Amino acid sequence: MAGFIFYRGPSPIDGAPIVAIATLKSANSKTGDMVQTWILREDISPLDAIASGADASICGNCAHRGRKGKKRTCYVDVGKAPQGIWNAYHRGQYIDLSNDPGTIAMLIAQRIVRMGAYGDPAMVPVKQWRALLAAADGRTGYTHAWRRMWAQALKPYVMASVDSVAEQDLARSMGWRTFRVRTESEPLQANEFACPASPEGGQRKQCITCKACDGGRAGKASAAIIVHGAMARHFATAA
C-alpha cells in the first residue's frame, strides 16, 4: 500500500471539499523516510488551485502562497509530489481509512509522521490527527493558522509557523512553540536554535531523528531556518 485517505470533508476556511492523504514511503533527504501527509483540494488540482487562488482552502492566509501563483515563497514544488498524489487519488489508488482507526494504527505503528508535507495541518480536524498519531512514534508539523480559535487544539502537536520576531512574540504569548523563517542577516533570538537539518545547522540531523518540531513541549526552545530555495528573493515582501 502506497498510502491512504485519513480525512475527507469541508475546509474550515471556506467549506470547500478537501482530502488528506498519508503516504508511507519517502525519499526526502531533509526529512528522512517519514510518513508524509498531504492536504489537498479534492475537486481542483493543486496547480489549478494555486493559479485560481483556491489553495486558500488548504493553506489559509499563509503569506507564502503568493497571489494566484505570483511571488510565491512556498518551498513545496507543487507540480511534483502534490500534483502526482492528487492524480493518484483521482485514479482510485488510495483506500479511505478515515473511519478505520485500527487499520491506521497498524500502518502507522512506530513511524514518525510529517503533518502537512503540503497544506496546513489545521485544515484537518484534530480528532483525525489523533487517530493518525495514536500509534506513531513521533511527529513534526507547522501551522500558519495559529491565530485561529479553531486551530488552538493543535498546539500540542505542531509549531506555529512565523515569519518575523513580532509574530514569534505573539505566538509564544499564546502558548505556541514556533518555527521562524529568517533572513541570513537576522540573528537567532533567545530560546531559539538553528534547524539541525539546515545548512546553518550543519545538516547534522534529519527531521526523522531530530523530532524537535512536535509542538508539544511547552517552554522548550523553538526552531528557526534561513530562507532558502528559488523563491527566497520574494521572502521579505511576503513576510
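See the structure printed just above.
The rules behind these values
By convention here, each chain's residues receive numbers from 1 onward along its written sequence. Thresholds applied to this predicted model are a pLDDT of at least 70 for local features of residues and 80 or more for the giving and counting of side-chain atom pairs; totals over whole chains, interfaces and linings are not thresholded and use all residues. Hydrogens and water molecules were not included; the side-chain quantities draw on all heavy atoms of the structure. Elements are defined by DSSP. Helices are runs of H or I of four residues or more, strands are runs of E of two residues or more, and each kind is numbered from the N terminus. As defined in this context, the radius of gyration uses C-alpha atoms, and a globule is described by 2.2 Å times the residue total to the power 0.38. A 1.4 Å probe rolled over the protein chains alone gives each residue an accessible area, and that area as a share of the maximum for its type sets the label: buried under 20%, exposed over 50%, partly exposed in between. Two residues qualify as a contact provided that any one of their heavy atoms is within 4.5 Å of a heavy atom in the partner residue. We get accessible surface area from the Shrake-Rupley algorithm with a probe of 1.4 Å; when it comes to residues, only the shown protein chains can shield them. Whether two strands pair comes down to DSSP finding at least two bridges between them. Only C-alpha atoms enter the line fits that serve as axes; for helices the fit covers just the stretch in contact. Angles between N-to-C directions range over 0 to 180 degrees. This arc corresponds to the set of directions leading from the helix axis out to the C-beta atoms. Here, a salt bridge means any side-chain nitrogen of Lys or Arg that lies within 4 Å of a carboxyl oxygen of Asp or Glu.

1. Quick notes on the overall build of the protein
Here is step 1 of the chain: Along the backbone of the protein there are eight helices and ten strands.
Here is step 2 of the chain: For 239 residues, the compact-globule estimate of 2.2 N^0.38 gives 18 Å, and the protein sits close to it at 17 Å.
Here is step 3 of the chain: When the 239 residues of the protein are sorted by exposure, 51% land in the buried category.
Here is step 4 of the chain: Counting only contacts in the protein whose residues sit at least 6 apart along the sequence, the fraction spanning at least 24 positions is 62%.
Here is step 5 of the chain: When the accessible area of the protein is evaluated, it comes to approximately 10,900 Å², of which 53% is carbon and sulfur surface.

2. Describing the sheet that holds strand 2 (residues 17-23)
Here is step 1 of the chain: Strands sit in the order 4-1-2-3-5-6-7-8-10-9 across an open sheet of ten strands; the sheet is mixed. Edge strands, defined here as strands with exactly one partner in the open sheet, are strand 4 (95-96) and strand 9 (192-194).
Here is step 2 of the chain: When strand 9 meets strand 10 (residues 222-226), the two strands line up parallel, connected through three bridges. Among the inter-strand pairings, Glu 192 is bridged to a residue of strand 10, identified as Ser 222.
Here is step 3 of the chain: Along the sheet, helix 3 (residues 81-90) contacts strand 1 (3-10), strand 2, strand 3 (35-41) and strand 5 (112-118); its crossing angle with strand 3, the most-contacted strand, is approximately 75 degrees.

3. Focus on the pairing of strand 3
Here is step 1 of the chain: Counting buried positions along strand 3 yields seven of seven residues, so the element is predominantly enclosed.
Here is step 2 of the chain: Here strand 2 runs beside strand 3; their pairing, made up of six bridges, is antiparallel. Among the inter-strand pairings, Ile 18 is bridged to a residue of strand 3, identified as Arg 41.
Here is step 3 of the chain: Pairing geometry for strand 3 and strand 5, over three bridges, is parallel. Across the sheet, residue Val 35 finds its bridge partner in strand 5, namely Val 113.

4. Side note on helix 5 (residues 126-133)
Spacing of three or four residues puts side chains on the same side of an α-helix, whose turn is 3.6 residues.
Here is step 1 of the chain: Within the span of helix 5, buried status applies to Val 126, Gln 128, Trp 129, Leu 132 and Leu 133. Down the axis of helix 5, the buried side of the element spans an arc of 155 degrees, and every buried residue falls inside it.
Here is step 2 of the chain: Residues of helix 5 that are buried in the fold lie against strand 1, strand 3, helix 4 (101-108), strand 5 and strand 6 (138-143).

5. What to know about the pattern of salt bridges
Here is step 1 of the chain: Tallying each qualifying case throughout the model produces eleven salt bridges.
Here is step 2 of the chain: For the salt bridge of Arg 41 with Asp 43, the shortest nitrogen-to-oxygen distance reads 2.9 Å.
Here is step 3 of the chain: Note on Arg 41: relative accessible area 11%, which makes it buried.
Here is step 4 of the chain: Residue Arg 72 pairs with Asp 55 through a salt bridge whose shortest N-O separation is 3.9 Å. Of this pair, Arg 72 sits in the loop between helix 2 (56-59) and helix 3 while Asp 55 is found in the loop between helix 1 (46-52) and helix 2, placing the two residues 17 residues apart along the sequence. Both residues of the pair, Arg 72 and Asp 55, belong to the buried class.
Here is step 5 of the chain: When salt bridges with common partners are traced through the structure, they connect Arg 8, Glu 42 and Asp 96 into a single cluster.

Note that every value here comes from positions in space, so none of it alone points to a role or purpose.
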